[in-house]
Amino acid sequence: MKKSRVEKSFNPRLEALKKSWYKFSRNPLSLLGLSVIMVIFFLAIFATVLAPYPEDSGLSVNFTRTFQSPSRQHLAGTDEYGRDIFSRMLVGLRYSLAIGLLVLILAVPFGILLGLLAGYYKETWLETIVMRFTELFMSIPPLILAMVICTMFTNSYFFSSVGIAVAWWPWYTRLTYNLVISVSNELYVLYAKLSGINVLKIIFKEILPNIYPSILTKMSLDMGSIIIIASSMNFVGLGIQPPTPSLGAMVSNSISYLPEYWWLTVFPALLVILIVLGFNLLGDGLNDIMSVEGK
Amino acid sequence: MEQKLVLDVKGLRKEFKTKQGKLVAVNGVDFQIRPGEIFGLVGESGSGKSTIGFMIAGAYEPTAGMISFKGEQDLTKSYKERSKELKRDIQLVFQDPGGSLNPRKTIRQILLAPSQLYGDQHLTSAERESRIEEAMFRVGLPLSYLNKYSRAIGGGEKQLVCIARALIAEPSFIVLDEPTSALDVSIQAKITNKLSELQKRERLSYLFITHNLCLVRNICDRLAIMYLGDLCEYTETTEFFRNPLHPYTQMLLSSIPVLSEEEERLKPEKAKSVGEIPNPLNRPAGCSFHARCPMKMAVCTKEVPEIREVSPGHFASCHRL
């Protein structure tokens, strides 16, 4: 038999990735989202280096320069304790992103796993138990549930993330469950079952690769929502405690100074909007490339 | 009989419970497939032919009846209770080649699965690779396709990949569920030729499920015609086209489009197609075909006709015969 060896060094996955990147890069909004997110992550990671007054993120009081309007020394002005708002925003940004990531790390794998099980074993008792349990959690508004958990345990940065995660996983279970059900009707899943491939391989090799794009998109979109929820919790005094800066608390604490000292509120609020916008644009971009690619 | 039958189906029945009531998809069907034979199962959509294929492959369990494979194994169990060896020996090719290949896998990954599943566990990856390449060669696909994703190739090529995937398992029997009906006519012929070539070379038996009578005429040795879950006629292909007995099969043959007058004269002139297949949720009493039958008698609306051997090897179920 005549055979010509195929180049094995050729990597199909890399080729597919290149194609996806090409598609992604053609949409200016997706690129804008990606750049915003990259800049935001850069600022957050190097917050303490970049901040002009890093000591202002802690317990520092400087009454000689309270309520200064934005200037060259203080890009976003100073607050009632004379702290540089720009420096506090950078450090607060770090905490906001960290909370977003932490919540996703806690909520997403758990949610996906339950969704995969419930979807694969549909029409069994497992589906009933998992989905009713999920709906129970979904019936409670996430902010309320997160607040309850945060007050039940210690009111700390970590437990506020746990609280949000507890409220957040059901949405991933629900999404995964629905995706699994639609993918399970595909013939390649039936073929895998008929040919005797084991359950774990079917779930993780046949089903999961076909549904993760939607999950990834939702994760990106959710980053924004989680940061808003964390900010809302800060607003009522849960989560990160002063003097550690958080974007939500910075907005809420300075509302009483509006409209004279507008820079205390407007700049942190704008940053929250920018983060949410960035993640949403990125999420939409991801959704575009992955859903088209799947067909 | 000199050789063991590949497949022996007796009194096969499948009911589905739906919200509108009981749906009888297959209503007591008997047929046999001999070794090395291409057996055609022909019917309109909704006639239950695919349901039979799915039961043989183990996707559904029959409500009643028996299917025995090579005279010993019982195929009435679903895939969950079948042995690995049995799963290997009976392969399935679906109608929709796009849907039966995972779009996120390369052709190599798709073909690797059956070789890992059924092949010798001690094979090295180079040996596996050569098995995959051999399968590609058997179906006539270029090796460069191995690195492509299944979504990136054409429909006919996808179907060839499905066939290659079935061949790697080295089955003796393949259920082909309308393998060409989703494809272009030009590609249909190519796939059909490939299938019959493989069948001769590798001594396979096929159950060829289709609604296309021309295709059946070209490749099947024997065939059975289904209507609304019943078998109406069952015989050798040559005998069938020479002497169709059942009014429904006559109607089917007269509905084949023809190009020349010469072909027109070959067609039975009796029945022209009228009406549509009734709702299987609401089966007519008596013969399932009586509503559309041009030769209906009083008995047809009351009694279900038995399938009987009208001439040697030629079975039909009609009160007229």
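It should be emphasised that the depicted structure is a prediction, and the values quoted were computed from it without experimental measurement.

Peer 1: Give me the lowdown on the overall build of chain B, citing residues and values where you can.
Peer 2: Looking only at helices and strands, chain B features ten helices and twelve strands. Since a compact globule built from 321 residues should have a radius of gyration of about 20 Å, the 21 Å found for chain B is in line with a globular shape. Seen through its principal axes, chain B has C-alpha atoms that stretch 70 × 45 × 45 Å. Across the 321 residues of chain B, 55% fall into the buried class. Pairs at least 24 residues apart make up 63% of the contacts formed inside chain B by residues separated by at least 6 positions.

Peer 1: Describe the state of the cysteines, naming the residues involved and giving the relevant values.
Peer 2: All names here are of chain B. A full pass over the atoms with the stated rule returns zero disulfides over all chains. Of the cysteine sulfurs around C300, a residue in no disulfide, the closest is that of C287, at 5.9 Å. Looking at C300, the relative accessible area reads 6%, which means it is buried.

Peer 1: Pulling in residues and values, what's your account of the nonpolar core?
Peer 2: In terms of nonpolar packing, the biggest core is built from 71 residues, with L97, I164, W168, I207, I211 and I275 of chain A touching the most fellow members. Among the elements that make up this core, the one with the highest residue count is helix α4 (residues 85–120) of chain A (14 residues). Discounting residues that sit within four places of it in the chain, I211 of chain A has contacts with L116, T176, L179, V180 and V183 of chain A. Counting residues in hydrophobic clusters, the runner-up holds 53 residues, among them L146, L213, F240 and I256 of chain B.

Peer 1: Provide a residue-level description of the packing of helix α1 (residues 12–25) of chain A against helix α2 (residues 28–45) of chain A, including the pertinent values.
Peer 2: Residues and elements named next belong to chain A. Across the interface, α1 lies against α2 with an axial gap of 7 Å and an inter-helix angle of 100°. Relative to α2, the element α1 lies roughly perpendicular. Along its contact with α1, which presents W21, F24 and S25, the element α2 presents S30, L31 and L34. Its residues assigned to classes, the contact of α1 with α2 shows four nonpolar, two polar and no charged.

Peer 1: Tell me about the layout of surface pockets, and name the residues and values.
Peer 2: Estimates place the volume of the largest pocket at around 960 Å³. Lining the largest pocket are 24 residues, with L190 and K193 of chain A together with A59, Y79 and K80 of chain B positioned closest to its centre. Of all elements in the fold, only α4, α8 (187–194) and α9 (199–235) of chain A reach the threshold of two or more residues within the lining of the largest pocket. Its residues assigned to classes, the lining of the largest pocket comprises eleven nonpolar, six polar and seven charged. In this model, the second largest pocket occupies a volume close to 680 Å³. Taken together, 24 residues line the second largest pocket, and the ones lying closest to its centre are R13 and P209 of chain A together with R104, K105 and Q109 of chain B.

Peer 1: Explain the interface of chain B and chain A to me, and be specific about the residues and the numbers.
Peer 2: Counting from both sides, the interface comprises 37 residues of chain B and, opposite them, 33 residues of chain A. Buried surface at the junction of chain B and chain A, both sides included, amounts to about 3000 Å², of which 58% is carbon and sulfur. For the pair chain B and chain A, the interface holds one salt bridge. Across the pair K105 of chain B and E206 of chain A runs a salt bridge, and its minimum N-O distance is 2.6 Å. At the junction of chain B with chain A, the criterion picks out eight residue pairs in polar contact (both at pLDDT 80 or more). Of all the elements in the fold, those that place two or more residues in the side of chain B that touches chain A are α1 (49–57), β6 (90–93), α3 (107–118), α4 (125–139) and α5 (155–168) of chain B. For the side of chain B that touches chain A, the element with the highest residue contribution is α3 of chain B, accounting for six residues.

Peer 1: Help me get a handle on unusual backbone geometry, residues and values and all.
Peer 2: The omega torsion of the bond from L258 of chain A to P259 of chain A falls at -5°, within 30 degrees of zero and hence cis. Locating P259 of chain A in the fold gives a position in the loop between α10 (247–253) and α11 (263–294). Phi angles above zero are rare outside glycine, and E178 of chain B is one such case at about 45°. With respect to the helices and strands, the residue E178 of chain B is situated in the loop between β7 (173–177) and α6 (185–202). Given a relative accessible area of 6%, E178 of chain B falls into the buried group.

Peer 1: Can you tell me about the packing of aromatic side chains, naming the residues and giving the values?
Peer 2: Applying the stated criterion across every chain yields a total of 28 aromatic pairs over all chains. Three or more aromatic residues joined by ring pairs form one cluster here, namely F67, Y257, Y261, W262, W263 and F267 of chain A. We note R65 of chain A situated over the ring of Y53 of chain A; from NZ or CZ to the ring centre the distance is 4.8 Å. A cation sits over an aromatic face here: K148 of chain B above Y145 of chain B, 4.6 Å from the ring centre.

Peer 1: Tell me what's going on with the pairing of strand β9 (residues 222–227) of chain B, and back it up with residues and numbers.
Peer 2: All names here are of chain B. Burial within β9 is extensive, with six of its six residues counted as buried. By the alternation rule, side chains of β9 split into R222, A224 and M226 and L223, I225 and Y227, which are all buried. Of the pairings in the sheet, the one linking β9 to strand β10 (residues 230–236) comprises six bridges and is antiparallel in character. Within the sheet, the bridge partner assigned to R222 lies in β10 and is E236.

Peer 1: Provide a residue-level description of the sheet that holds strand β2 (residues 21–33) of chain B, including the pertinent values.
Peer 2: Residues and elements named next belong to chain B. Spatially, the four strands line up as an open sheet ordered β2-β1-β4-β5, and their pairing is antiparallel. Only two strands of the sheet have a single neighbouring strand rather than two, namely β2 and β5 (73–74). Here strand β1 (residues 7–18) pairs with β2 via ten bridges, running antiparallel. Across the sheet, D8 pairs through a bridge with Q32, a residue of β2.

Peer 1: Which residues make up the pattern of salt bridges, and what values go with them?
Peer 2: All names here are of chain B. All told, the structure shown has 23 salt bridges over all chains when counted by the stated rule. In this structure, the salt-bridge partner of E178 is K49, at a minimum N-O distance of 3.3 Å. On the criterion of sequence distance, the pair formed by E178 in the loop between β7 and α6 and K49 in helix α1 is long-range, its members being 129 residues apart. The two residues E178 and K49 agree in class, both being buried.

Peer 1: How would you summarise the environment of T124 of chain B if you had to cite specific residues and measurements?
Peer 2: Here T124 of chain B shows up in the loop between α3 and α4. A C-alpha to C-alpha distance of 29 Å links T124 of chain B and Q199 of chain B, two positions 75 residues apart in sequence.

Peer 1: Tell me about the side chain of D222 of chain A, and please be specific about residues and values.
Peer 2: Residues and elements named next belong to chain A. Mapped onto the elements of the fold, D222 is located in helix α9. Overall, D222 belongs to the buried group, its relative accessible area being 6%. With residues up to four places along the chain from it excluded, the contact list for D222 reads L104, W168 and Y172.

About the criteria used
Residues numbered from 1 in each chain as written. Chains lettered and ligands numbered in written order. Predicted model: local features only at pLDDT ≥ 70, side-chain atom pairs only at ≥ 80, totals over all residues. Heavy atoms only, no water. Helix = DSSP H or I, 4+ residues; strand = E, 2+ residues; numbered from the N terminus. Rg over C-alpha atoms; globule rule 2.2 N^0.38 Å. Buried < 20%, exposed > 50% of the residue type's maximum accessible area, 1.4 Å probe, protein only. Contact = heavy atoms within 4.5 Å. Disulfide = S-S within 2.5 Å. Core = buried A, V, L, I, M, F, W, Y, C linked by side-chain atoms within 4.5 Å. Axes fitted to C-alpha atoms, helices over the stretch in contact; angles between N-to-C directions. Parallel < 35°, antiparallel > 145°, perpendicular 65-115°, else oblique. Nonpolar A, V, L, I, M, F, W, Y, C, P; charged D, E, K, R; others polar. 1 Å grid on protein atoms, 1.4 Å probe; cavity = no way out; pocket = protein on both sides within 12 Å on 5 of 7 lines; lining within 4 Å. Points joined across faces, edges and corners; volume = space filled by probe spheres on them. Buried area = accessible area lost by both parts, 1.4 Å probe. Salt bridge = Lys/Arg side-chain N within 4 Å of Asp/Glu carboxyl O. Polar contact = N/O pair within 3.5 Å; in protein donor to acceptor, adjacent residues only side chain to side chain. Phe/Tyr/Trp six-rings, centres within 6.5 Å; stacked < 30°, edge-to-face > 60°. Lys NZ or Arg CZ within 6 Å of the ring centre and 35° of its normal. Pairing = 2+ DSSP bridges.

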